[in-house]
Amino acid sequence: MKTETKAVDIDRDKGDFAYPEVHVRDAGRGLSEKTIHYISDVKEDPDWVREFRLRGLKTFLEKPLPTHWASKDLEAIDFDKIRYYLSPGTGAKRSWEEVPDDIKRTFERLGIPEQERKFLAGVEAQFDSEAVYSNIKKAVGEQGVIFVGSTEGLKNHPEIFRKWFGKVIPIGDNKFSALNSAVFSGGSFIYVPPGVKVKHPLQAYFRINAESFGQFERTLIIADEGSEVTYMEGCTAPKFETVALHSAVVELVALKGAKLQYITVQNWSSNVFNLVTKRGLAHEDAEIKWIDCNIGSRLTMKYPGVVLKGRKSRGEVLSIALANNGQHQDTGAKMIHAADETTSNIISKSISIGTGRATYRGLVHVPKHLKHCKNNTECDALLINATSRTDTYPAITVRGTGNSVQHEASVSQVSAEQIFYMQQRGLTEAQAMSLSVNGFVNDLVRQFPMEYSVELKRLIELEMEGSVG
Amino acid sequence: MNELRVENLHVAIGDQQIVRGLSLAVPRGEVHAVMGPNGSGKSTLAKVMAGHPDYHVTKGKITMDSEDLLALEPDDRARKGLFLAFQYPSEVPGVTIANFLRAALQSRLPEGEEMEATEYYAKLYEKMELLGMDRSFTSRAVNEGFSGGEKKRTEILQLAMLEPKYAVLDETDSGLDIDALKTVAHGVNSLRGSKIGILLITHYQRILNYIVPDHVHVMVQGRIVRSGGKELALELEERGYDWARAGADEPVLTR
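Values in this document were obtained by computation on a predicted structure and should not be read as measured data.

## Observations concerning the layout of surface pockets
Space inside the largest pocket adds up to approximately 1700 Å³. In this structure, the largest pocket is lined by 37 residues; those nearest its centre are Arg458(A), Glu461(A), Ala103(B), Gln106(B) and Glu114(B). Broken down by class, the residue content of the lining of the largest pocket amounts to 13 nonpolar, 13 polar and eleven charged.

Here you go:
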């Protein structure tokens, strides 16, 4: 491996910094059948996966960008310039001294342990997560739980993997799910056997760190009948990204009576396009809950959804989006009711700071033949500055009788009187603003696991800096 | 000198002069009442002291223990020891009373110093008991969905917790029934002493039966027109603001 010692690019906001990188396996720039074969060869894919990828590529190339409804900013992505596969664990070595001071400070203020800071800064390809991961794997493994990477999953557990892979989100769902289908690598595969209740949340953090973050992650989680599992991905630390396009696909399957919760906290650097497709399939009496927190990125498009396929199944999406200067959070939820007595709940809160823009898109669908379905949607937007923007596009089709739907939306601003009141108690204007924002999201943040909610509060404080005055 | 002092204060909102040459001094350890009819500029006085950005001081000065308050941001004034109990306190959605007061107290500590949680809660519960507030109140969001009486009580709770050098109570009695008034008065009286100067702004004499002032000032058309002892409040109650207005042509300056 050769090393490069170019200057570190630090001339940007916190979270955005770049190093020259060297990779051992590199599919090169641009996307063609050759790229797919390269990836399949390197990963030693079974034939069915290679074919799946090729179909993904074909669909990706055929589908237009969804710019008739989505941001025109998508056109800024130059697909020919993107590297679609870089082999893991070969990130360039760099020293802690090279990490910009502001990044170190941010890590420190977020209270991230020393070892993890080094990993997050890209100093170490992996920190001591192998041990943690193997302990978790061993503990849940005794219950028959499978918790592995998607590559290992498709190779070693094809009988379960193949049954559900690409079934919740088909290749052609959208242009970016097709792209992911073509070039996916990384992500998790989890299977929880019938009746098993996994006590502690499974954290992608440890698993992915052991394997390096994926650009086109593919995660598949199956909770068998009557089982319960919570999965957490991401972390609140600003994550440095060398690649500007991230397009993950996450499929969840909750079989009869199962409960599946998926928690995401992401804080992308502001050069990233984060275009993610997430959907769950809830069978009879099953429950799927998405808790989603999006911070940073140039453009995030993400609408976690639940297909309520079985009678009495329940779906929930709780989301927080924070759009700072120059960022666009285009997020929301989809609830597809496909059986009687199904219920869904969507609570979305967004905060726009500076020139940040938050968009809510919600789709709630209840067809005519169904009975006793319920949906509740609440979306609240908070605008911090006069230049901040928010839009709401709810699409609700509820047909038939005996189904109920409730939609509430609000747009608010932190009033000058409120800030004055808080200042009169001794808080600076910035402290007052950040406490107000924390108050705005408080009821949702409380649903996050403790360690996330604490980090999230600190992170909001950091994001609020410089938004007043 | 340890006093909260207003000298020849002139205040405008836009083109309109609200306060015209008001002077007043509240030494630490005393309670002064400012009484005045609607539109006399009482609340403007309170807000200007606290540094509300909508009001412009066109002339005069305000000092706290000889320090120029007008040069300070509202939060600096607060941390240095000025407290305003608002007539209409703002809601702070989603922020609990416990967290809010904790943040307020934390802002007074040197950087890097953390508040001791058990001490904080012990003190908070003690003050709440004094004001007849249930402990469950601490987990409610500040002023959100509060009744008028609950809001005023919460203002006094904050006053008790923050222990300022000077407190301005802006119509704390308005909208309170007699029981709530007594509770609030009890809270304020228990804080009285040599460490605090209190300026009590009110429209009615009633609260002064419970919080007996050392001095009473009558404010009309943006000026103090009469000053005296606590008996002035009773005289005013008997004779009405017209009587006080009669003296408006010749402003009475105290001290």
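## A word on the packing of aromatic side chains
For the coordinates displayed, the defined rule picks out 19 aromatic pairs over all chains. Judged by centre distance (6.0 Å) and plane angle (80°), the ring pair of Trp48(A) and Phe165(A) falls under edge-to-face. With Trp48(A) in helix α2 (residues 47-62) and Phe165(A) in the loop between α7 (158-164) and α8 (175-183), this pair connects stretches of sequence that are 117 residues apart. For the pair shown, Trp48(A) and Phe165(A) are each scored as buried. Look at Tyr120(B) and Tyr121(B): their rings are 5.0 Å apart centre to centre, the planes differ by 70°, and that puts the pair in the edge-to-face class.

## Regarding the confidence of the model for chain B
Any segment with low pLDDT has predicted coordinates that should not be analysed in fine detail. Residue and element names in this part refer to chain B. The predicted model of chain B averages 92 in pLDDT, with 96% of residues at 70 or higher. Within chain B, the lowest mean pLDDT, 82, falls on helix α8 (residues 241-245), and the highest, 98, falls on strand β6 (residues 82-85). pLDDT under 50 marks residues 251-255. Its contacts with residues more than four places away, or in other chains, come to 17 contacts.

## Describing the pattern of salt bridges
Residue and element names in this part refer to chain A. Under the definition given, this model contains 33 salt bridges over all chains. The salt bridge involving Glu287 is made with Arg314; its shortest N-O contact spans 2.9 Å. Linking Glu287 in strand β10 (residues 287-296) with Arg314 in strand β13 (residues 314-323), this pair joins segments that are 27 residues apart in sequence. With its nearest N and O atoms 4.0 Å apart, the salt bridge here joins Glu316 to Lys289. Of this pair, Glu316 sits in strand β13 while Lys289 sits in strand β10, and the two are 27 residues apart along the sequence. Looking at Glu316, the relative accessible area reads 18%, which means it is buried. The buried category is assigned to Lys289, whose relative accessible area is 13%. One connected set of salt bridges, linked through shared partners, spans Glu233, Lys278, Asp292 and Lys302.

## Digging into the pairing of strand β7 (residues 166-170) of chain B
Among the five residues of β7(B), five are classified as buried, and the element is accordingly described as predominantly covered. Tracing the backbone out of β7(B), into helix α6 (residues 178-191) of chain B and back to the parallel element strand β8 (residues 197-202) of chain B gives a crossover that is right-handed.

## What about the packing of helix α5 (residues 148-162) of chain B against α6(B)?
Residue and element names in this part refer to chain B. For the pair α5 and α6, interaxial distance at closest approach is 10 Å and the crossing angle is 10°. With respect to their mutual orientation, α5 and α6 come out roughly parallel. Facing Arg153, Ile156, Leu159 and Ala160 of α5, the residues of α6 in contact are Ala180, Thr183, Val184, Gly187, Val188 and Leu191. Classifying every residue of the contact of α5 with α6 by side-chain character gives seven nonpolar, two polar and one charged.

## So, the environment of Phe216(A)
All names here are of chain A. Looking at the secondary structure, you find Phe216 in the loop between α9 (204-209) and β4 (218-223). Along the primary structure Phe216 and Asn180 are separated by 36 residues, whereas in three dimensions their C-alpha atoms are 5.7 Å apart. If near-sequence neighbours (up to four positions away) are discounted, Phe216 is found in contact with Tyr84, Leu179, Asn180, Val183, Phe184, Ser185, Leu245 and Ser247.

## Brief notes about the pairing of strand β3 (residues 31-35) of chain B
All names here are of chain B. The buried fraction of β3 is high, at five of five residues. As paired strands, β3 and β8 are joined by five bridges and run parallel to one another. Counted as the bridge partner of Val31 is Ile198 from β8. When β3 meets strand β9 (residues 215-220), the two strands line up parallel, connected through four bridges. By the bridge assignment, Val34 is partnered in β9 with His217.

## What to know about the environment of Met301(A)
Residues and elements named next belong to chain A. Within the secondary structure, Met301 is located in strand β11 (residues 299-302). As for Met301 and Thr277, which are separated by 24 residues in sequence, their C-alpha atoms are 8.4 Å apart. Once you skip the residues sitting within four places of it in the chain, Met301 turns out to touch Trp69, Ala70, Leu74, Asn274, Leu275, Val276 and Asp330.

## Regarding the packing of helix α4 (residues 117-130) of chain B against α5(B)
Residues and elements named next belong to chain B. Across the interface, α4 lies against α5 with an axial gap of 10 Å and an inter-helix angle of 135°. Classed by the angle they form, the pair α4 and α5 counts as oblique. Relative to α5, the crossing made by α4 is right-handed. Contacts between α4 and α5 involve Tyr120, Lys123, Leu124, Lys127 and Met128 from the first element and Leu157, Ala160 and Met161 from the second. Classifying every residue of the contact of α4 with α5 by side-chain character gives six nonpolar, no polar and two charged.

## Topic: unusual backbone geometry
Not every positive phi belongs to a glycine, and Asp285(A) is a case in point at roughly 60°. Along the chain, Asp285(A) turns up in the loop between β9 (273-282) and β10. Taking relative accessible area as the criterion, Asp285(A) reaches 36% and is therefore assigned partly exposed. Positive phi is not limited to glycine here, since Asn143(B) has a value of about 65°.

## A look at the interface of chain B and chain A
Listed per partner, the contact involves 32 residues of chain B and 16 residues of chain A. Taken together, both faces of the contact between chain B and chain A bury some 1900 Å²; the carbon and sulfur share is 60%. There are one salt bridge connecting chain B and chain A. Here Glu155(B) and Arg425(A) are joined by a salt bridge, their closest N and O atoms 2.6 Å apart. Mapped onto the side of chain B that touches chain A, the elements with two or more residues apiece are α1 (42-50), α2 (74-79), β6, α3 (97-106) and α5 of chain B.

## Thoughts on the side chain of His337(A)
Residues and elements named next belong to chain A. With respect to the helices, strands and loops of the structure, His337 is situated in strand β14 (residues 328-337). Among the residues examined, His337 registers a relative accessible area of 1% and is labelled buried. Among the polar contacts made by the side chain of His337, one reaches the side chain of Thr342 at a distance of 2.8 Å. When residues no more than four places from it in sequence are discounted, the contact partners of His337 are Leu308, Thr342, Thr343, Ser344, His365, Val366, Pro367, Leu370, Cys373, Lys374 and Asn375.

## With respect to the side chain of His283(A)
All names here are of chain A. Along the polypeptide, His283 turns up in the loop between β9 and β10. According to the relative accessible area criterion, His283 is buried, its value standing at 16%. Dropping the residues within four chain positions of it, His283 is found in contact with Trp164, Val253, Ala254, Leu255, Lys256, Lys309, Gly310 and Ser313.

## Details of helix α11 (residues 429-445) of chain A
All names here are of chain A. Between the first and last C-alpha of α11 there are 23 Å, a value that for 17 residues agrees with the 24 Å anticipated at 1.5 Å per step. The sharpest bend along α11 measures roughly 35° and falls at Gly439. Of all 17 residues in α11, 13 are buried; the element is thus mostly enclosed.

## Focus: the sheet that holds β6(B)
Residues and elements named next belong to chain B. Taken in spatial order, the six strands of this open sheet run β6-β7-β8-β3-β9-β10, and their pairing is mixed. Of all the strands in the sheet, the pair left with one neighbour each is β6 and β10 (223-228). Ignoring strand direction, the axes of neighbouring strands in this sheet form an average angle of 20°. Sheet analysis places β7 next to β8, joined by five bridges and oriented parallel.

Reading the values: rules and limits
- Residues numbered from 1 in each chain as written.
- Chains lettered and ligands numbered in written order.
- Predicted model: local features only at pLDDT ≥ 70, side-chain atom pairs only at ≥ 80, totals over all residues.
- Heavy atoms only, no water.
- 1 Å grid on protein atoms, 1.4 Å probe; cavity = no way out; pocket = protein on both sides within 12 Å on 5 of 7 lines; lining within 4 Å.
- Points joined across faces, edges and corners; volume = space filled by probe spheres on them.
- Nonpolar A, V, L, I, M, F, W, Y, C, P; charged D, E, K, R; others polar.
- Phe/Tyr/Trp six-rings, centres within 6.5 Å; stacked < 30°, edge-to-face > 60°.
- Helix = DSSP H or I, 4+ residues; strand = E, 2+ residues; numbered from the N terminus.
- Buried < 20%, exposed > 50% of the residue type's maximum accessible area, 1.4 Å probe, protein only.
- pLDDT = per-residue confidence, 0-100.
- Contact = heavy atoms within 4.5 Å.
- Salt bridge = Lys/Arg side-chain N within 4 Å of Asp/Glu carboxyl O.
- Right-handed = clockwise from strand over helix to strand, strands pointing away.
- Axes fitted to C-alpha atoms, helices over the stretch in contact; angles between N-to-C directions.
- Parallel < 35°, antiparallel > 145°, perpendicular 65-115°, else oblique.
- Pairing = 2+ DSSP bridges.
- Left-handed = near helix turned anticlockwise from the far one by under 90°.
- Buried area = accessible area lost by both parts, 1.4 Å probe.
- Polar contact = N/O pair within 3.5 Å; in protein donor to acceptor, adjacent residues only side chain to side chain.
- Expected span 1.5 Å × (residues − 1).
- Bend = angle between axes of the 7 residues up to and from the residue.

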